[in-house]
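# Structure at a glance
Residue-level listing of the chains:
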Amino acid sequence: MPAAHVSRVRALYRRILLLHRALPLDLKALGDQYVKDEFRRHKAVGADEARRFLQEWEAYAAVLWQQANENSQNSTEKACFGAALPEEKLNDFRDEQIGQLQELMQEATKPNRQFSITESGKPKC
């Protein structure tokens, strides 16, 4: 891979992890792990898939940046993150991607997430 591409991927990866700092701690942990897994999984893909991968993650970063800014300005309201996934995008997903999306949605929406992180580092009693 050209050095410019590698540099672009690394910069995007770092930017996403920095943006995740605006998320609630449990979603940050979930998001960080998902990003790490996805970037690792796509290290050796073809040029077309790499281009689409970067476009989607750049769009994600832009939405997250906008939502983080909106949430910081509306400190009295509960923070809101996420966006609806249009049906036409879902139709482009492979079965494996649909399965990953389902697992991610289940983990992000269940009341007792597997990530039990507190700001103090001590478990909740």
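Before reading on, note that the structure itself is shown above.
Reference entry: report on the structure contained in this document.

Conventions used here
Positions within a chain are numbered from 1, following the residues in the order the chain's sequence is written. For this predicted model, a pLDDT threshold of at least 70 governs which residues receive local features, and a threshold of 80 or more governs which side-chain atom pairs are given and counted, while totals over whole chains, interfaces and linings are taken from all residues. With hydrogens and water excluded, all non-hydrogen atoms of the structure serve as input to the side-chain values. Axis definition: a line fitted to C-alpha atoms, over the contacting stretch in the case of helices. Angles run 0 to 180 degrees between N-to-C directions. The secondary structure listing takes helices from DSSP runs of H or I that are at least 4 residues long and strands from runs of E that are at least 2 residues long, numbered from the N terminus. For classification purposes, an angle smaller than 35 degrees is called roughly parallel, one larger than 145 roughly antiparallel, one from 65 to 115 roughly perpendicular, and anything else oblique. Crossings are sorted by hand: turned counterclockwise from the far helix by less than a right angle, the near helix makes the crossing left-handed, and turned clockwise it makes it right-handed. In what follows, a contact means two residues having at least one pair of non-hydrogen atoms within 4.5 Å. Under the scheme applied, nonpolar residues are Ala, Val, Leu, Ile, Met, Phe, Trp, Tyr, Cys and Pro; charged residues are Asp, Glu, Lys and Arg; polar residues are all the others, including Gly. For a helix, the expected span equals 1.5 Å multiplied by the number of residues minus one. Buried, partly exposed and exposed residues are distinguished by accessible area as a fraction of the type maximum, computed with a 1.4 Å probe on protein chains only: under 20%, between the cut-offs, and over 50%, respectively. Think of it as the arc spanned by the lines of direction from the helix axis to the C-beta atoms. Detection works on a 1 Å grid of protein atoms alone, calling trapped sets that fit a 1.4 Å probe cavities and calling open sets with protein on both sides within 12 Å along at least five of seven lines pockets, with lining residues defined by an atom within 4 Å of a point. Grid points are joined across faces, edges and corners, and a volume is the space filled by probe spheres set on the points.

### Observations concerning the packing of helix 1 (residues 3–19) against helix 3 (residues 47–73)
At a minimum axis separation of 10 Å, helix 1 and helix 3 run at an interaxial angle of 30 degrees. On the basis of their axis angle, the class for helix 1 and helix 3 is roughly parallel. At the point where helix 1 passes helix 3, the crossing takes the left-handed sense. Counting all contacts with helix 1, which are made through His5, Arg8, Val9, Leu12, Arg15, Ile16 and Leu19, the residues of helix 3 involved are Ala50, Leu54, Trp57, Glu58, Tyr60, Ala61, Leu64 and Trp65. Its residues assigned to classes, the contact of helix 1 with helix 3 shows eleven nonpolar, one polar and three charged.

### Describing helix 1
The end-to-end C-alpha distance of helix 1, which contains 17 residues, comes to 24 Å, matching closely the 24 Å that a straight helix rising 1.5 Å per residue would cover. Residues of helix 1 that are buried include every one of His5, Leu12, Ile16 and Leu19, and no others. All buried residues of helix 1 lie within an arc of 65 degrees about the axis, which places them on one face of the element. Looking at helix 1, the residues exposed on the side facing more than 90 degrees away from the buried face are Ala3 and Arg10. Against the buried residues of helix 1 lie helix 2 (25–41) and helix 3.

### Brief notes about the layout of surface pockets
When its volume is computed, the largest pocket comes out at roughly 1,800 Å³. If you go around the largest pocket, you meet 42 residues; those closest to its centre are Tyr34, Tyr60, Leu85, Leu101 and Leu104. Listed by contribution, the elements that provide at least two residues to the lining of the largest pocket are helix 2, helix 3, helix 4 (87–92) and helix 5 (95–109). In terms of residue class, the lining of the largest pocket is built from 23 nonpolar, nine polar and ten charged. As for the second largest pocket, its lining consists of 15 residues, and the residues nearest its centre are Val9, Phe39, Arg40, His42 and Lys43. Elements that contribute at least two residues to the lining of the second largest pocket include exactly helix 1, helix 2 and helix 3. When residues of the lining of the second largest pocket are assigned to their parent elements, the largest contribution, five residues, is made by helix 1. When the residues that make up the lining of the second largest pocket are grouped by side-chain class, the tally is nine nonpolar, two polar and four charged.

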